[in-house]
Amino acid sequence: MVNLAFAPEPWLRWEAAKLGAGLPKSVAESLGLYRARLHPEGAPEGADGWWDVTRDETASVAVADMVAQLDRAGWPVLERMFSRDAMLSRLHGGDLGMMKRSNFGVFFARAEALMLMDAGPSDALESKLDYALSNVMSSQRDHAERFDAWVRAQAAKA
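What you see is a predicted model; the values in this text were computed from it and never measured.

Draft legend 1. A look at the nonpolar core. By size, the foremost hydrophobic cluster in this structure holds 36 residues, and its most contacted members are Tyr 34, Leu 96, Leu 114 and Val 151. Broken down by secondary-structure element, the contributors of at least two residues to this core are strand S1 (2-6), helix H1 (9-19), strand S2 (34-38), helix H2 (56-80), helix H3 (84-92), helix H4 (105-116), helix H5 (123-134) and helix H6 (141-157). With six residues, the top contributor of residues to this core is H4. In contact with Leu 114, other than residues within four places in its own chain, are Pro 10, Trp 11, Trp 14, Phe 147, Trp 150 and Val 151.

Draft legend 2. Broad picture of the pairing of S2. Every second residue of S2 is oriented toward a common face, the buried set being Tyr 34, Ala 36 and Leu 38 and the non-buried set Arg 35 and Arg 37. Of the strand pairs in this sheet, S1 and S2 are connected by five bridges, and their pairing is antiparallel. If you follow Ala 5 over to S2, its bridge partner there is Arg 35.

Draft legend 3. Structural view of the pattern of salt bridges. Across all of its chains, the model carries 14 salt bridges by this definition. Lys 100 is the salt-bridge partner of Asp 95, the closest N and O atoms lying 2.7 Å from each other. What makes Asp 95 partly exposed here is its relative accessible area of 27%. Among the residues examined, Lys 100 registers a relative accessible area of 33% and is labelled partly exposed. In this structure, Arg 152 and Asp 148 form a salt bridge, with 2.7 Å as the shortest nitrogen-oxygen distance. Placement of both Arg 152 and Asp 148 in helix H6 is noted, with a separation of four residues, approximately one turn of the helix. Arg 152 gets classed as partly exposed once you look at its relative accessible area, which sits at 31%.

Parameters at a glance
Residues numbered from 1 in each chain as written. Predicted model: local features only at pLDDT ≥ 70, side-chain atom pairs only at ≥ 80, totals over all residues. Heavy atoms only, no water. Core = buried A, V, L, I, M, F, W, Y, C linked by side-chain atoms within 4.5 Å. Buried < 20%, exposed > 50% of the residue type's maximum accessible area, 1.4 Å probe, protein only. Helix = DSSP H or I, 4+ residues; strand = E, 2+ residues; numbered from the N terminus. Contact = heavy atoms within 4.5 Å. Pairing = 2+ DSSP bridges. Salt bridge = Lys/Arg side-chain N within 4 Å of Asp/Glu carboxyl O.

Take a look at the structure:
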């Protein structure tokens, strides 16, 4: 399996603020807003598949398939996300790779708020922040309020 991740700058800026650290020099897969996995050709849908490498010949076949999977379903997806509009479109569509809006509504609302904040205050930003605060689990309320205040401050500076 090959792990893919994409972390837009506003997402990393929030992660740095949340952790009280600077922006990372490199982005680990766990820091990605978008995360997905590529599997060997023919792997069953929905199951984690691994390339089986036991000798030089199988290594060559595995590497060739990894490159093919990256060319087909890796690089094109990641390259499109460099556009803010394309990233917002992916968020509106409810698809962040392994995470789907149907299971992570508050997470998606926060991600959209981060992608909107640098354009300044707006009705769309307000809507996402309101949704995120109104639907957060009570055990995560403090974190949600901190996020809300930080995004509002960033938007006010824009």
